[in-house]
Amino acid sequence: MIEFRGVSKSYDDGTLAVSDLSLTAASHEITVLVGSSGCGKTTLLRMVNRLVTPTSGQVLIDDVDVADRNPVELRRSIGYVMQNSGLLPHRTTVDNIATVPMLRGTPVREARQRAVDLMETVGLDPSLARRYPWQLSGGQQQRVGVARGLAADPNILLMDEPFGAVDPIVRADLQRELLRLQEELGKTILFVTHDIAEAITLGDKIVIVANGGRIAQQGTPAEIMANPVDDFVTTFLGLDESRSLHVDGDLVVDPSGRPVGRLA
Amino acid sequence: MNYIIAAWQWLAEPVNMSGPNGWEARMVEHLWYTAVATVVACLIGIPLGYAVGHAHRFRTAIVSSTGAARALPTLGVVTLFGLLLGIGLEAPMLAFVLLALPSILAGAYAGVEGAPRDAVDAARAMGMTEWQILFRVEAPLGMPLLLGGIRSAALQVLATATLAAYVGAGGLGRFLFLGLKTQNYPMMVASSLVVVGLAIVVDLGFEIVDRLVRRSHPTRAVAS
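Residues numbered from 1 in each chain as written. Chains lettered and ligands numbered in written order. Predicted model: local features only at pLDDT ≥ 70, side-chain atom pairs only at ≥ 80, totals over all residues.

Brief notes about the overall build of chain B
- Secondary structure summary: chain B contains 10 helices and 0 strands in total.
- Shown N-terminal to C-terminal, the secondary structure of chain B runs as helices and strands in the order α-α-α-α-α-α-α-α-α-α.
- Dimensions of chain B, computed from the C-alpha atoms along their principal axes, are close to 65 × 40 × 30 Å.
- If you take every contact in chain B between residues at least 6 apart in sequence, the share linking residues at least 24 apart comes to 74%. (Helix = DSSP H or I, 4+ residues; strand = E, 2+ residues; numbered from the N terminus. Contact = placed C-beta atoms within 7 Å.)

Next up, the structure:
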């Protein structure tokens, strides 16, 4: 369980990235932080593994304040997947995946073997093991990123817009894959995105973050869709006037008559 | 053209070639000066460059001081140190280290600083210590740039090491200054030819090392 207790983050120039935010992400669930760019959601995520230190407030993992833990040890115990994969360009796929286990002292051969197993888990052909990141497609790089995040078998996985830079078809594929993995693994996942559709697809719980890092609304996708609390959430969900849809024959159309979907 | 032919004849003369004052011995001496100055400059420049590149601080200080150091006329520096330290190898060595330092510092610093931000961020997020980030991520990724810096430093020193003879030390400059005084121009041309030949060989050596490094870390992202 990850708990944010009244956290704030302000920078020297006076910008307030997060203001007095409290939030609990339940174990073995996917909690999605969703909001527009610059709303502070990534800052929140990075507080969990101490890449960002809150100006005030606490972040607790299973009731232990992360501030009391050694940052290096803490980070090695938490999986981290980022946008643009962040793979080490001078290391092959297997060595990228095996990074954290090797940092923790797992023998090289064992770490590499586990890395190859993980490649299969995330749907990568083991023949790609000796390729360098630039020899992989965007989707493959993200899969390597996910495998790397899982390599040390962490309880917690932090995912910062991991599928933001791939095309919609690959993204849908990766999202399905993540849900399948989650069925098997049951990690505590904190997932950041600006894409509300992605949030609804993946989230057991969604937290809509408004500018300045305050929570606009949180709940299950169904709860939020059914009862948006204010105009901001309504607009963010695409439930405002401009998106009030109606059925025209087999098609679902928007107010200007443009087709946006089809009845099943 | 006559001078060139005469220079080759001078080089081929066994008397000029061997013995403690022959050009072969002077050539080895010359290479030795170059190697020592480059290594000493590496010992100072690489740690300093890595520190600045990793910390992303004091950048302006480094850039402006290396820029200023590059503008120093080496002959003037050799003379100045010669006056302070007297005849011998110390003064020119100090000047050569000063000459080699800017390129090496810039190479070390630029290579480390230029490592992709995403990769460095990911390395930190995975739980690498700052030392591990420096030596396992930034330094390997910056290796081609560092090598480039060492390469140009070594070549600069090699070309300038002739000045060692100006304050009484050895090296191929001996023949240059002797030839100048005795109007023995074939001797001057001959020693210049040896310096040029050395420069080409050393540059080729660096080219080979550079290719080996790039092959062991084939990263298109940092190819320069």
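Once you've had a look at it, read on.
Concerning the interface of chain A and chain B
- Contacts between the two partners involve 17 residues from chain A and, on the opposite side, 21 residues from chain B.
- At the level of elements, helix H2 (71-76), strand E6 (78-82) and helix H4 (99-103) of chain A are the ones that each hand at least two residues to the side of chain A that touches chain B.
- Its residues assigned to classes, the side of chain A that touches chain B shows 10 nonpolar, 5 polar and 2 charged. (Nonpolar A, V, L, I, M, F, W, Y, C, P; charged D, E, K, R; others polar.)

Quick word on the sheet that holds strand E4 (residues 56-61) of chain A
Residues and elements named next belong to chain A.
- Sheet architecture is open: 4 strands sit in the order E2-E1-E4-E5, paired in antiparallel fashion. Strand pairing shows two members of the sheet lacking a second neighbour, strand E2 (16-25) and strand E5 (64-65), which therefore form its edges.
- Of the strand pairs in this sheet, strand E1 (residues 2-10) and E2 are connected by 6 bridges, and their pairing is antiparallel. Bridging from a neighbouring strand, Ile2 pairs with Ala25 of E2. (Pairing = 2+ DSSP bridges.)

Observations regarding the pairing of strand E13 (residues 259-262) of chain A
Residues and elements named next belong to chain A.
- Note that strand E12 (residues 251-253) and E13 share 3 bridges and pair antiparallel. If you follow Leu251 over to E13, its bridge partner there is Arg262.
- Counted along the chain from E12 to the antiparallel partner E13, the turn is 5 residues long, and its residue Gly257 has a positive phi close to 85 degrees.

Considering the domain arrangement of chain A
Residues and elements named next belong to chain A.
- Assigned domains within chain A: domain 1 (2-230) and domain 2 (231-264).
- Inter-centroid distance (C-alpha atoms) of domain 1 to domain 2 is 31 Å.
- Counting residues at the interface gives 10 residues for domain 1 and 8 residues for domain 2.
- Secondary structure elements with two or more residues in the side of domain 1 that touches domain 2: strand E9 (205-210), strand E10 (214-219) and helix H9 (221-226).
- The class makeup of the residues in the side of domain 1 that touches domain 2 is 8 nonpolar, 1 polar and 1 charged. (Domains from an automatic or database assignment.)

Some remarks on the packing of helix H5 (residues 74-85) of chain B against helix H6 (residues 90-113) of chain B
Residues and elements named next belong to chain B.
- The geometry of H5 relative to H6 is characterised by a closest axis approach of 8 Å and an angle of 140 degrees between their N-to-C directions. In terms of their interaxial angle, H5 and H6 are classed as oblique. Of the two possible hands of crossing, H5 and H6 adopt the one that is right-handed. Residue-level inspection shows Thr74, Val77, Val78, Phe81, Gly82 and Leu85 of H5 in contact with H6, the latter providing Glu90, Ala91, Pro92, Leu94, Ala95, Leu98 and Leu99.
- Each residue belonging to the contact of H5 with H6 can be placed in one class, and the counts come to 10 nonpolar, 2 polar and 1 charged. (Axes fitted to C-alpha atoms, helices over the stretch in contact; angles between N-to-C directions. Parallel < 35°, antiparallel > 145°, perpendicular 65-115°, else oblique. Left-handed = near helix turned anticlockwise from the far one by under 90°.)

Overview of the sheet that holds E10 of chain A
All names here are of chain A.
- Taken together, the 6 strands give an open sheet; going across it, the order is E6-E7-E8-E3-E9-E10, and neighbouring strands pair in mixed fashion. Lying at the two open borders of the sheet, with one neighbouring strand each, are E6 and E10. Each adjacent strand pair in this sheet contributes to an overall mean axis angle of 15 degrees, direction not counted.
- In terms of strand pairing, E9 meets E10 through 5 bridges, oriented antiparallel. Residue Ile208 lies in a different strand from E10, and its bridge partner there is Gln217.
- Docked against the sheet, helix H6 (residues 138-150) engages E6 and strand E7 (156-160), running at close to 165 degrees with respect to E6.

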